[in-house]
Amino acid sequence: MKTARFAQIVSKAGKPHLHVTWQRPEKDPDLQRAIKSGRLMTLHRTIKGTKKDYATVGLYVGAHAQFLIFPKSLKPFADRRIVGIDYDLIAGEQLSFAPAGAAEPKKGKARKAAAPRTRQPVSPAAEPPAAPEPEPPPPPKLTATGEIEQALAELKARKPTAARKRLEHWLRVFG
């Protein structure tokens, strides 16, 4: 079987997006449209071992399969094994944990740094000013696969409510 590089396909067919299936493939209208128009690629992930991930054009349902939908047809690559998967080329892979409806920070000009202050002599009766509390680090950004793995881990830990909330958040983000 011939091979093709993932970056080459992205340059010809456009940047794909990850399609998360919440129902069987035969009942998913977006997936069916992508299959009929030849824009679906199945990504075969290797969880254990040292084998690299690869992809094939079309629908192949498996335990660790993920689906990518491209903006243009993949028919020229239909009989090839796609290697060299670059996950940075997949659109919309990074998500934040911001609650639904939360305002995003405004983008604009950065404020100028304040001029350094000179030290004033402190009288013995005055208390030193309290140090400002450091800001908490921003929440980590996880991939779609990481989110699903977190939900599965919560289910295994017998926390179905936490897993359900995590998946509902995902549904709001992509819905």
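Residues numbered from 1 in each chain as written. Predicted model: local features only at pLDDT ≥ 70, side-chain atom pairs only at ≥ 80, totals over all residues. Heavy atoms only, no water.

**Quick notes on the overall build of the chain**
At step 1: Within the chain, the secondary structure is distributed over 4 helices and 6 strands.
At step 2: What you see in the chain, going N to C, is helices and strands ordered as β-α-β-α-β-β-β-β-α-α.
At step 3: A total of 175 residues make up the chain; the buried ones form 27% of that total.
At step 4: Put simply, of all contacts in the chain between residues at least 6 apart along the chain, 70% involve residues at least 24 apart.
At step 5: When the accessible area of the chain is evaluated, it comes to approximately 13600 Å², of which 56% is carbon and sulfur surface. (Helix = DSSP H or I, 4+ residues; strand = E, 2+ residues; numbered from the N terminus. Buried < 20%, exposed > 50% of the residue type's maximum accessible area, 1.4 Å probe, protein only. Contact = heavy atoms within 4.5 Å. Areas by Shrake-Rupley, 256 points an atom, 1.4 Å probe, with all protein chains shown as cover.)

**Side note on the layout of surface pockets**
At step 1: When its volume is computed, the largest pocket comes out at roughly 550 Å³.
At step 2: Lining the largest pocket are 21 residues, with Ala63, His64, Ala65, Gln66 and Ile148 sitting closest to its centre.
At step 3: Elements represented by at least two residues in the lining of the largest pocket include exactly β2 (17-19), β5 (65-69) and α3 (144-156).
At step 4: A class-by-class count of the residues in the lining of the largest pocket yields 13 nonpolar, 6 polar and 2 charged. (1 Å grid on protein atoms, 1.4 Å probe; cavity = no way out; pocket = protein on both sides within 12 Å on 5 of 7 lines; lining within 4 Å. Points joined across faces, edges and corners; volume = space filled by probe spheres on them. Nonpolar A, V, L, I, M, F, W, Y, C, P; charged D, E, K, R; others polar.)

**Quick look at the pattern of salt bridges**
At step 1: In total, this model carries 5 salt bridges according to the counting rule given.
At step 2: Between Arg45 and Asp53 there is a salt bridge, with the nearest N and O atoms lying 3.3 Å from each other.
At step 3: With relative accessibility at 17%, the residue Asp53 sits in the buried group.
At step 4: Ionic pairing is found between Glu154 and Arg166, a salt bridge with its closest N-O pair at 3.0 Å. With Glu154 in helix α3 and Arg166 in helix α4 (residues 160-174), the pair connects residues that are 12 residues apart, well separated along the chain. The exposure classification of Glu154 matches that of Arg166, with both residues buried. (Salt bridge = Lys/Arg side-chain N within 4 Å of Asp/Glu carboxyl O.)

**Considering the sheet that holds strand β1 (residues 2-5)**
At step 1: With mixed pairing, the 6 strands of this open sheet are ordered in space as β1-β6-β4-β3-β5-β2. The sheet terminates laterally at β1 and β2, the two strands that pair on one side only. The sheet shows a mean angle of 35° between the axes of neighbouring strands, direction not considered.
At step 2: Note that strand β3 (residues 40-44) and strand β4 (residues 54-57) share 4 bridges and pair antiparallel. (Pairing = 2+ DSSP bridges. Axes fitted to C-alpha atoms, helices over the stretch in contact; angles between N-to-C directions.)

**Section: helix α2 (residues 29-36)**
At step 1: With a side-chain oxygen positioned 3.3 Å from the backbone nitrogen of Asp30, the residue opening α2 is Asp28.
At step 2: Directly after α2, the chain includes Gly38, whose backbone phi takes a positive value near 70°. (Polar contact = N/O pair within 3.5 Å; in protein donor to acceptor, adjacent residues only side chain to side chain.)

**Some thoughts on helix α1 (residues 6-13)**
At step 1: For α1, the full list of buried residues reads Phe6, Ile9, Val10 and Ala13. The buried residues of α1 occupy one face: seen down the axis, they fall within an arc of 100°. α1 presents Ser11 and Lys12 as exposed residues on the side facing more than 90 degrees away from its buried surface.
At step 2: On the buried face of α1, the contacting elements are β1, β3, β5 and β6 (80-83).
At step 3: Once α1 ends, the next one or two residues include Gly14, with phi positive near 95°. (Arc of directions from axis to C-beta.)

**A look at the packing of aromatic side chains**
At step 1: Taken as a whole, this structure holds 1 aromatic pair when the rule is applied.
At step 2: For the ring pair Phe6 and Phe70, a centre distance of 6.4 Å and an interplane angle of 70° mean the geometry is edge-to-face. Of this pair, Phe6 sits in helix α1 while Phe70 sits in the loop between β5 and β6, placing them 64 residues apart in sequence. With respect to class, Phe6 is no different from Phe70; both count as buried.
At step 3: Sitting over the face of the ring of Tyr54, Arg81 holds its NZ or CZ atom 3.7 Å from the ring centroid. (Phe/Tyr/Trp six-rings, centres within 6.5 Å; stacked < 30°, edge-to-face > 60°. Lys NZ or Arg CZ within 6 Å of the ring centre and 35° of its normal.)

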